[in-house]
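Geometric and topological summary
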Amino acid sequence: MLVNDLMLNAQQKISQLHKEINQYNHQYYVLDQPTVPDAEYDRLMQSLIMLELENPELKTLDSPSQKVGGQALKSFSQITHQLPMLSLDNVFSIEDFYSFVKRIKERLNTDKKLQFCAEPKLDGLAVSLRYEHGLFVQAATRGDGKVGENITANIRTVKSIPLKLVGISGEDYPEILEVRGEVFMPKSSFQALNKMALQRGEKGFANPRNAAAGSLRQLDSKITAKRNLAFYAYSLGFVSSMDESGGEAEELMAKFFAASHYDRLCQLKTIGFPMSPDVRLLDSEDACETFYQDILSKRNALSYEIDGTVLKVDDIDLQLSLGFVARAPRWAIAYKFPAEEELTCVEDVEFQVGRTGAITPVARLTPVFVGGVTVSNATLHNQDEITRLGLKINDTVIIRRAGDVIPQIVSVVIDKRGDNSKEIIFPNSCPVCDSMVLKPEGEAVLRCTAGLFCGAQRKEAIKHFASRKAHDIDGLGDKLVEQLVDEKLINTPADLFTLTEIQVSTIERMGKKSATNLINAIEVSKQTTLAKFIYGLGIREVGEATAANLANHFQILTAIEKAPIEVLQQVADVGEVVAKNIVNFFKETHNLEVVAHLSAVMQWPSVEIKSVKDLPLADKTFVLTGALTQMDRTEAKTALQSLGAKVSGSVSKKTHFVVAGDKAGSKLTKAQDLGIPVLTEEDLAELLAEHAIVF
């Protein structure tokens, strides 16, 4: 008796958990209105799983626990569709759509406006779900329209597909009900899946559709369960009664379902099936183009991939009158977006130099219309990307352009590779200035080393040279630099010191007074410091602090120019990578020429302090935390380092001072626990002011 009571109690608990979890699933996946946090949902699911493990005879096929996957299959069996799963005809322009509408009206012999049910065309895998007495029993892919694959075990794992329908009874709905829709992979799930594949060194999926299809065709449903697939219903399939007195399918449809396609989708939503939130009922064919353009405009912002819209005559009686052709209904059409993927040929690969010296390979393509525009170029990023693709010149490739995204080569069609394919050879010198190129350690790109001379980099080099933290040339903003370069008045930072008022006044919106002010500011900038001069050269990864350390260590410019890597590494904060950058910069003849011209006109005082040990804050370690208002963290760090201090990123017993700004966190707490002196921003400002550094 006690065993029976325990069994009854477990059955009641399981039944209650079924009810609660199904309700939460409905709220989350169908209504998009979750009412409990994920942690609570997970606790309920774990309770259900434990009860079913303890009472395996109480586990049912419609249990929410069945969504975690079952035993792996050896192969998929075949299912014959009782009602064929047809495809859709396509149109690609509004003119073709109106031709489609015209054919419909001619067949119906009417000139009245037609209502349409408008839906996003989901880019996933079409499936048919069969329910008997409200319980999920079977699922199949479209296949060839007549026969599909039995994917029942995998569909059970899709969380948004109900295993038991809400509010179903024999009197309310037909005993056999097929619902058709699209299984797809949300963009976020696709990105996470490919990220995991990359971390494991595996090849990712090309797009969410392939990922969804591949996930549904896993023989092990446990793998499918981990893929976070989703489902939206878009139509009814086969309906029937279990006995012969149930009537014809059309009669059953009319008995149980509305006479509007849109209303039928809403009915499906009430019994547990999610439908796309972007489905709309349109009052005329003229509204279809507006819907198309609206969906197209927000396509990239949607959480799922689409490749067009589907427009269906909403009136079910009119659908029945229009009927079908061999493979598609006459009452529905897919109004497709411009293709996002096309085939084309890589005719050549050229190399462009970016503003930071990065040398990027660019594929020159046989022009192809894709994503709404004609594409003739695609960036290849770097050598690693070319190796990953296995790309050669004259290869046939799949090119993709989604929305405003830069066109990219997705893959090479190896089967179409001919005897005329050629290896892609990277340049040994800069394509713009013929200077030396290097591939910095830890980077995937080649870089031109002629930062001050290279035509592709000159604007950025001059902007950096004139910036506030370098030589602070008042009035020489980014736009004016670009104008001076475009007018061929300057090519390098050294040319700034040969400008005249007359030349500057010829620039648009530069009057005599502005020209005079600029020339005066350039003259003032001649008086600088060795640290600012080094920083202004724009050597890669040489910031203010490193420039100050170099100046303090070497004292004269020629010593820095001639220092080998091993000697440079003796400078505080100069590691092997930075040392190589410095050596490579001064190895380039063009850079040395510009530096020589600059040092001939600019002046800086001799560095009086010959050793870091002689600096006032030598051997002191500071940690900066929180937000500073009078100066930014970089400025504070540079100022402290210029006085000999070491600035660390973490607090330890070796820390001498912690500078705590606004909203300081765990570093402040740790400093207090260790009894380390804590300075406010005002304290720091006073300390720096004692050594003539004022902000």
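Only a predicted model underlies this, so the values are computations on that prediction, with no experimental measurement involved.

This part takes up the packing of helix α18 (residues 544-554) against helix α23 (residues 633-642). It is the contact of α18 with α23, at a shortest axis distance of 9 Å, that shows an interaxial angle of 15°. Put simply, α18 runs roughly parallel to α23. When the axes of α18 and α23 are compared, the crossing they make is right-handed. Residues E544, A545, N549 and N552 of α18 pack against T634, T638, Q641 and S642 of α23. For the contact of α18 with α23, the residue count by class is one nonpolar, six polar and one charged.

In the Ramachandran plot, N394 falls in the positive-phi region, its phi being about 80° despite a non-glycine side chain. Residue position: N394 is located in the loop between α12 (383-389) and β15 (396-400).

Looking now at the nonpolar core. Most often, soluble globular proteins keep nonpolar side chains buried together rather than apart. Counting residues in hydrophobic clusters, the biggest one holds 51 residues, and the most contacted among them are I473, L476, L496, L537, L550, I582 and L598. At the level of secondary structure, the elements contributing two or more residues to this core comprise α13 (458-466), α14 (478-486), α16 (512-524), α17 (530-536), α18, α19 (557-562), α21 (576-587) and α22 (589-601). Excluding its chain neighbours within four sequence positions, the residues that come into contact with L496 are I462, F465, I473, L476, I490 and I522. Formed by 40 residues, the second largest nonpolar core is a distinct cluster that contains Y131, L165, A212 and L229.

This part is about the pairing of strand β19 (residues 621-625). Of all five residues in β19, five are buried, a share of seventy percent or more. Side chains T621, V623 and T625 project from β19 onto one buried face, and the interleaved F622 and L624 project onto a second face that is buried too. Here three bridges tie β19 to strand β20 (residues 646-648), and the two strands are oriented parallel to one another. Pairing of V623 across the sheet is with S648, part of β20. In the classification by handedness, the crossover that spans β19, the intervening α23 and the parallel β20 is right-handed.

Procedures and definitions
- Residues numbered from 1 in each chain as written.
- Predicted model: local features only at pLDDT ≥ 70, side-chain atom pairs only at ≥ 80, totals over all residues.
- Heavy atoms only, no water.
- Axes fitted to C-alpha atoms, helices over the stretch in contact; angles between N-to-C directions.
- Helix = DSSP H or I, 4+ residues; strand = E, 2+ residues; numbered from the N terminus.
- Parallel < 35°, antiparallel > 145°, perpendicular 65-115°, else oblique.
- Left-handed = near helix turned anticlockwise from the far one by under 90°.
- Contact = heavy atoms within 4.5 Å.
- Nonpolar A, V, L, I, M, F, W, Y, C, P; charged D, E, K, R; others polar.
- Core = buried A, V, L, I, M, F, W, Y, C linked by side-chain atoms within 4.5 Å.
- Buried < 20%, exposed > 50% of the residue type's maximum accessible area, 1.4 Å probe, protein only.
- Pairing = 2+ DSSP bridges.
- Right-handed = clockwise from strand over helix to strand, strands pointing away.

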